[in-house]
Amino acid sequence: MKPTISIPKGWQYPLFAFGQRTERGAIIGLKYYASDTYLADEYGAGWRYILLANKHTEDEEHRAEDEIRLLTPQELKTQIQTQISNHLHQIQSLKQELDAIPASVVIPRSSAETKLQDQTQQSYSLPCPPLLKLVDAAKFILKEIAKHPDYLALDYQPDLTVGDAQTALSYLQSELELNQNSNAASNVPPQK
């Protein structure tokens, strides 16, 4: 349900509403300069709109009604589809980042340290993630390294490249998938 606004007697009803997208940005506020006021004498009577071109900045514009043009349906559709695409890309990146989080790190300790730890706190460990997930995470990390600006700025010429590491992980992934498929096939009971 759209919120309703009450307009004082003598004021015109605004042509545009909160949240509408214009060619200069989204409408985030409205002001009315009544005809018998200083602001109306200075800037003109009527509605003034506060527009925000980019939600990641504080820069806003104040425009009169005759300076505003709403986006066409096609422009609006294109803008929204672009935003959806950007958000889906961010979601996919976050999912890959989440999958890349290591389950636990094991640090070897002496038996005295282990006994002391057992006495002072209850230790726990997370189950080891499947190897295929770790390979996927490593491939993602290598891809991010390869396109990182700091890496690209290096004059780095190693014998083994990031591409070599990616290829090795692809071979490992293929071998693991082949092994899983053959294990799954051997567990299928014979048909009668």
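The structure presented is a predicted model; accordingly, all values stated were derived computationally and were not measured.

## Notes on the side chain of Arg48
Okay, step 1: Tracing the backbone shows Arg48 in strand S3 (residues 46-52).
Okay, step 2: Buried within the structure, Arg48 lacks any salt-bridge partner; Glu67 is the closest side chain of opposite charge, at an N-O distance of 4.5 Å.
Okay, step 3: Beyond its immediate sequence surroundings of up to four residues, Arg48 is in contact with Gly29, Leu30, Lys31, Tyr33, Tyr43, His62, Arg63 and Ala64.

## Focus: the nonpolar core
Okay, step 1: Core analysis: the biggest nonpolar cluster contains 9 residues, these being Phe16, Ile27, Leu30, Tyr32, Ala34, Trp47, Tyr49, Leu51 and Ile68.
Okay, step 2: Of all the secondary structure elements, the ones that give two or more residues to this core are strand S2 (25-33) and S3.
Okay, step 3: Not counting residues up to four positions away in its chain, the partners in contact with Ile68 are Phe16, Thr22, Tyr49, Leu51 and Arg63.
Okay, step 4: Leu142, Val162, Leu169 and Leu176 belong to the second largest nonpolar core, which has 6 residues in total.

## Structural notes on the pattern of salt bridges
Okay, step 1: A complete count under the given rule lists 6 salt bridges for this structure.
Okay, step 2: Ionic pairing is found between Glu61 and Arg24, a salt bridge with its closest N-O pair at 3.3 Å. Taken together, the residues span a long stretch of sequence, with Glu61 in strand S4 (residues 60-64) and Arg24 in the loop between strand S1 (21-22) and S2 at a distance of 37 residues.
Okay, step 3: Using a relative accessible area of 26% as the deciding quantity, one classes Glu61 as partly exposed.
Okay, step 4: Between Lys147 and Glu144 there is a salt bridge, with the nearest N and O atoms lying 3.3 Å from each other. Here Glu144 and Lys147 lie together in helix H4 (residues 131-147), a separation of 3 residues that amounts to about one turn.
Okay, step 5: A residue is classified by how much of its surface remains accessible, and Glu144, at 32% relative accessible area, is partly exposed.

## A look at the layout of surface pockets
Okay, step 1: There is about 520 Å³ of room inside the largest pocket.
Okay, step 2: What lines the largest pocket is a set of 18 residues, among which Arg21, Ala53, Asn54, Lys55 and Gln83 lie closest to the centre.
Okay, step 3: Among the elements of the structure, S1, S2 and helix H2 (73-99) are those that each provide at least two residues to the lining of the largest pocket.
Okay, step 4: Here the element with the most residues in the lining of the largest pocket is H2; it accounts for 7 residues.
Okay, step 5: A breakdown of the residues in the lining of the largest pocket according to their chemical character gives 3 nonpolar, 11 polar and 4 charged.

## Topic: the pairing of S2
Okay, step 1: In the sheet, S1 pairs with S2 via 2 bridges, with the strands oriented antiparallel. Note that in S2 the partner of Arg21 across the bridge is Ala26.
Okay, step 2: Between the antiparallel neighbours S1 and S2 lie 2 residues.
Okay, step 3: Summarising the sheet, S2 and S3 pair through 7 bridges and their orientation is antiparallel. Bridge pairing links Tyr32 to Trp47 in S3.

Calculation notes
- Residues numbered from 1 in each chain as written.
- Predicted model: local features only at pLDDT ≥ 70, side-chain atom pairs only at ≥ 80, totals over all residues.
- Heavy atoms only, no water.
- Helix = DSSP H or I, 4+ residues; strand = E, 2+ residues; numbered from the N terminus.
- Buried < 20%, exposed > 50% of the residue type's maximum accessible area, 1.4 Å probe, protein only.
- Lys, Arg positive; Asp, Glu negative; His and termini not counted.
- Salt bridge = Lys/Arg side-chain N within 4 Å of Asp/Glu carboxyl O.
- Contact = heavy atoms within 4.5 Å.
- Core = buried A, V, L, I, M, F, W, Y, C linked by side-chain atoms within 4.5 Å.
- 1 Å grid on protein atoms, 1.4 Å probe; cavity = no way out; pocket = protein on both sides within 12 Å on 5 of 7 lines; lining within 4 Å.
- Points joined across faces, edges and corners; volume = space filled by probe spheres on them.
- Nonpolar A, V, L, I, M, F, W, Y, C, P; charged D, E, K, R; others polar.
- Pairing = 2+ DSSP bridges.

Remember that the coordinates give geometry; whether it matters functionally is a separate question.
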